[in-house]
Amino acid sequence: MKMQISFLVGTLALAAAAPASAAIKVLACEPEWAALVQELGGDKIDVVSATNALQDPHQVQAKPSLIARARNAELLACTGAGLEVGWLPILLQQSGNPAIQPGKPGHFMAGDYVQKLDVPTRVDRAEGDVHPEGNPHIQTDPRNIARVAVALSQRLAQIDGANQAYYKQRGDDFNKRWSDAMVRWQTQAAPLRGTAIVVQHKAWSYLENWLGMQDVEALEPKPGVEPTASHLQEVLVKLKDRPAQMVVYAAYQDPRASQWLSERAHIETVQLPFTVGGTPAAKDLFGLFDDTIARLLKGAGK
Ligand SMILES: [Zn+2]
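Residues numbered from 1 in each chain as written. Predicted model: local features only at pLDDT ≥ 70, side-chain atom pairs only at ≥ 80, totals over all residues. Heavy atoms only, no water.

**A few points about the pattern of salt bridges**
One pass over the full model with this rule turns up 11 salt bridges. With its nearest N and O atoms 3.8 Å apart, the salt bridge here joins Arg264 to Glu263. Under the relative-accessibility criterion, Arg264 is labelled partly exposed at 40%. One connected set of salt bridges, linked through shared partners, spans Glu39, Asp173 and Arg177. (Salt bridge = Lys/Arg side-chain N within 4 Å of Asp/Glu carboxyl O. Buried < 20%, exposed > 50% of the residue type's maximum accessible area, 1.4 Å probe, protein only.)

**Observations concerning the sheet that holds strand S5 (residues 196-199)**
Strand order in the open sheet formed by 4 strands is S6-S5-S7-S8, and the pairing between neighbours is parallel. Lying at the two open borders of the sheet, with one neighbouring strand each, are strand S6 (214-218) and strand S8 (268-272). Each adjacent strand pair in this sheet contributes to an overall mean axis angle of 35°, direction not counted. Pairing geometry for strand S7 (residues 246-250) and S8, over 5 bridges, is parallel. Note on S8: the bridge partner recorded for Met246 is Glu268. The strands touched by helix H8 (residues 229-241) within the sheet are S5 and S6, with S6 carrying the most contacts at an inclination of about 140°. Across the face of the sheet, helix H9 (residues 256-265) comes into contact with S5, S7 and S8 while running at roughly 170° to S7. (Pairing = 2+ DSSP bridges. Helix = DSSP H or I, 4+ residues; strand = E, 2+ residues; numbered from the N terminus. Axes fitted to C-alpha atoms, helices over the stretch in contact; angles between N-to-C directions. Contact = heavy atoms within 4.5 Å.)

**Overview of the coordination of the zinc ion**
Coordination of the zinc ion by the protein involves His58 (NE2), His131 (NE2), His137 (NE2) and His201 (NE2), with metal-donor separations of 1.9 to 2.0 Å. What the 4 donor atoms of the zinc ion show is an angle range of 105 to 122° at the metal, which sorts the shape as tetrahedral. (Donors = N, O, S within 2.8 Å, 3.2 Å for Na, K, Ca; no water. Tetrahedral: all angles 85-135°; square planar, octahedral: opposite > 155°, others 65-115°.)

**Considering the state of the cysteines**
Enumeration over the complete set of coordinates arrives at 1 disulfide. Here Cys29 is linked by a disulfide to Cys78, with a sulfur-sulfur distance of 2.0 Å. In this structure, the disulfide formed by Cys29 and Cys78 twists by about 55° around the S-S bond and is classed as right-handed. You can see Cys29 sitting in the loop between strand S1 (24-28) and helix H2 (31-41) and its partner Cys78 sitting in strand S3 (residues 75-78), a full 49 residues away along the chain. Like Cys29, the residue Cys78 is buried in the burial classification. (Disulfide = S-S within 2.5 Å.)

**Considering the pairing of strand S2 (residues 45-49)**
Bridge analysis of S1 against S2 gives 5 bridges, and the strand direction is parallel. Considered in S2, the bridge of Lys25 is made with Asp46. As for the winding sense of the linkage, the β-α-β connection from S1 through H2 to S2 is right-handed. (Right-handed = clockwise from strand over helix to strand, strands pointing away.)

**What about the packing of aromatic side chains?**
What describes a pair of aromatic rings is the distance from one ring centre to the other and the angle between the planes of the rings. If you walk through the whole model with that rule in mind, you get 12 aromatic pairs. Aromatic pair Tyr166 and Tyr167: ring centres 5.8 Å apart, planes at 75°, arrangement edge-to-face. Residue classification places Tyr166 among the partly exposed residues on the basis of a relative accessible area of 22%. With a relative accessible area of 0%, Tyr167 lands in the buried category. Their ring planes at 80° and their centres at 5.7 Å tell us that Trp178 and Phe289 sit as a pair that is edge-to-face. A residue pair is termed long-range when its members are at least 10 positions apart, and Trp178 in helix H6 (residues 164-188) and Phe289 in helix H10 (residues 285-299) qualify at 111 residues. (Phe/Tyr/Trp six-rings, centres within 6.5 Å; stacked < 30°, edge-to-face > 60°.)

**Some remarks on the sheet that holds S3**
With parallel pairing, 4 strands are arranged side by side in an open sheet as S2-S1-S3-S4. Only two strands of the sheet have a single neighbouring strand rather than two, namely S2 and strand S4 (107-109). Between one strand axis and the next, the sheet turns by 20° as a mean value, whatever way the strands run. Relative to S3, S1 runs parallel, the two sharing 3 bridges. Across the sheet, residue Ala28 finds its bridge partner in S3, namely Ala77. Packed on one face of the sheet, helix H4 (residues 88-95) meets S1, S3 and S4 and runs near 175° to S3.

**Topic: H4**
Within the span of H4, buried status applies to Leu88, Leu91, Leu92 and Ser95. The buried residues of H4 occupy an angular sector of 100° when projected down its axis, which confines them to one face. Its buried side turned inward, H4 meets S1, helix H3 (64-71), S3 and S4. Two residues or fewer after H4 comes Gly96, characterised by a positive phi angle close to 60°. (Arc of directions from axis to C-beta.)

**Points about unusual backbone geometry**
Not every positive phi belongs to a glycine, and Asp118 is a case in point at roughly 55°. Looking at the element boundaries, Asp118 is found in the loop between S4 and helix H5 (142-159). Classification of Asp118 by relative accessible area gives partly exposed; the value is 37%. Its identity is not glycine, yet Phe274 carries a phi of approximately 75°, on the positive side. By the element assignment, Phe274 lies in the loop between S8 and H10. Phe274 sits in the buried class, given a relative accessible area of 6%.

Here is the structure:
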């Protein structure tokens with residue numbers, strides 16, 4: 001008994017002496033995963049995002065500051081599904097950090113926990129398609145966020161076993177608030193069911209699947225290939241037979257192609273935040289979906 005008490009006192013003394021930097025260092029590839037880690041990890045984690053909402057997550061430079069952050073990260077939280085294939089392998093290699101390499105607990109890919117859409121029957125990156133493993137933009141469906149949250153919460157508990165109970169409690173709390181919010185969003189978005197849209201980039205497949213919307217055309221001839229004049233003209237012609245109510249683009253994208261189509265097809269352009277920070281209202285994951293639905297309803301005139 002005496003030994004147990006002295007052990008306990010020793011542990012408490014250690015805990016008290018531990019500096020604030022004892023928080024688990026997390027590097028997220030995209031803002032949505034940084035926001036989710038923050039929700040689930042609270043003050044036990046210290047998270048930074050490699051990209052912000054106004055950057056194209058397919059194309060990021062492995063800058064020295066990013067490499068430095070990857071060097072001492074204890075957890076890497078990314079989308080996977082091929083989204084970061086242009087830069088993450090270089091970052092991982094340059095980091096020299098064994099803890100975050102594939103197969104290690106410190107390597108978390110959100111895409112591993114959801115069912116992929118738009119999976120091509122034939123992989124052909126040579127044509128410039130940046131979605132060779134299927135659509136990586138899983139964060140546009142809050143049901144995916146819920147699935148990822150369960151796995152991510154467990155991963156935090158695995159990496160930081162001393163705070164297991166804390167992560168469990170925060171995970172349960174998030175799950176409750178998220179489930180309630182999803183019911184609200186689905187009710188609000190009900191008028192969008194059946195809405196046909198044009199997308200600039202194939203970024204919204206999961207959102208459409210969730211809300212019962214459909215993209216009839218994409219302005220990029222292939223995901224990641226800039227719209228060409230001839231392709232835009234084709235889209236304009238096709239819309240005569242198969243009209244759409246709005247053209248949707250992400251906050252990080254140049255809106256000119258969408259605006260070109262909007263003027264000629266006489267449909268609304270709708271800018272969506274795409275991730276946390278994409279618009280002023282999308283300041284966290286809840287705001288991301290509040291604002292996405294508000295903007296879609298406005299675009300559809302509902
Ligand atoms: Zn994409």
